[in-house]
Amino acid sequence: MENMVGQVLESHKITFHENELPPKGLSHNKALHITVQCENYFITMILIDGGSSLNICPFVTLRTLGKRLHEIKYGVINVKAFDDSQTSTIGEISLCLQMGPTWFDVDFQGIDVPASYDLLLGRPWIHAAGTVASTLHQAVKFE
């Protein structure tokens with residue numbers, strides 16, 4: 001599997017080692033994507049972005065998951081994109097995601113714009129799950 005979610009058994013220590021580097025080693029410039037399960041679907045392009053203050057779910061992903069507009073809790077937030085453009089969210093929805101043996105209830109802001117990812121997990125999920133993400137190692141580890 002190209003991307004990994006690792007579980008650390010050491011007491012309150014999360015480490016990444018040189019032997020965990022991807023084949024290109026230090027020379028890669030890839031974003032960190034993982035695959036998770038959501039209900040009966042596998043979602044393959046989940047971007048882990050420690051620079052994002054929100055968890056984002058594009059509307060196309062909601063449609064793929066069979067979610068309807070009435071399942072989205074209304075609440076408009078203005079979101080600034082990577083290119084400094086701004087858009088408004090369509091509301092919030094909670095999705096249950098499985099990563100390895102662990103399930104996470106994650107609140108996402110829905111947006112109706114084209115995206116290069118199926119879901120974006122930002123600091124709210126990273127902090128709540130107690131994870132450490134390494135774009136260098138292309139891995140997410142959690143306790």
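Above this text is the structure in question.
Residues numbered from 1 in each chain as written. Predicted model: local features only at pLDDT ≥ 70, side-chain atom pairs only at ≥ 80, totals over all residues. Heavy atoms only, no water.

Student: How should the packing of aromatic side chains be read in this particular structure?
Tutor: The tally for this structure, following the rule as stated, stands at two aromatic pairs. Relative to Trp125, the ring of Phe104 lies with its centre 5.7 Å away and its plane at 80°, an arrangement referred to as edge-to-face. Note that Phe104 is positioned in strand 8 (residues 102-111) and Trp125 in helix 2 (residues 123-129), a separation of 21 residues in sequence. The exposure class of Phe104 is buried, given its relative accessible area of 12%. For Trp125, a relative accessible area of 3% gives the class buried. Aromatic pair Phe104 and Phe142: ring centres 6.0 Å apart, planes at 85°, arrangement edge-to-face. On the criterion of sequence distance, the pair formed by Phe104 in strand 8 and Phe142 in strand 11 (residues 139-142) is long-range, its members being 38 residues apart. Taking the relative accessible area as the measure of exposure, Phe142 reaches 4% and is therefore buried. Joined through ring pairs, the aromatic side chains of Phe104, Trp125 and Phe142 make up one cluster. The side chain of Lys141 reaches across the aromatic face of Phe16, ending 4.7 Å from its centre. (Phe/Tyr/Trp six-rings, centres within 6.5 Å; stacked < 30°, edge-to-face > 60°. Helix = DSSP H or I, 4+ residues; strand = E, 2+ residues; numbered from the N terminus. Buried < 20%, exposed > 50% of the residue type's maximum accessible area, 1.4 Å probe, protein only. Lys NZ or Arg CZ within 6 Å of the ring centre and 35° of its normal.)

Student: Where do I start with the nonpolar core in this structure?
Tutor: Looking at soluble globular proteins, one finds that nonpolar side chains tend to be buried together. Grouped together as the largest cluster of nonpolar side chains are 25 residues, with contacts concentrated most on Ile48, Leu95, Leu97, Phe108, Leu121 and Trp125. Every element with two or more residues in this core is listed here: strand 2 (33-38), strand 3 (41-48), helix 1 (59-64), strand 7 (91-99), strand 8, strand 9 (119-121) and helix 2. Looking at which element gives the most residues to this core, the answer is strand 7, with four residues. Setting aside chain neighbours within four positions, we find Ile48 in contact with Leu32, Ile34, Leu121, Trp125, Ile126, Ala133 and Val140. Core analysis: the next-biggest nonpolar cluster, separate from the first, contains five residues, Leu47, Ile56, Ile111 and Leu120 among them. (Core = buried A, V, L, I, M, F, W, Y, C linked by side-chain atoms within 4.5 Å. Contact = heavy atoms within 4.5 Å.)

Student: For this particular structure, what's the right way to read the pairing of strand 7?
Tutor: Consecutive side chains along a regular strand alternate between the two faces of the sheet. Here strand 7 shows a buried face lined by Gly91, Ile93, Leu95, Leu97 and Met99 and an unburied face lined by Glu92, Ser94, Cys96 and Gln98. Summarising the sheet, strand 2 and strand 7 pair through two bridges and their orientation is antiparallel. Among the inter-strand pairings, Cys38 is bridged to a residue of strand 7, identified as Leu97. By the bridge criterion, nine bridges tie strand 7 to strand 8 in an arrangement that is antiparallel. Bridging from a neighbouring strand, Gln98 pairs with Trp103 of strand 8. From the end of strand 7 to the start of strand 8, which pair antiparallel, there are two residues, and Gly100 there has a positive phi angle of about 60°. (Pairing = 2+ DSSP bridges.)

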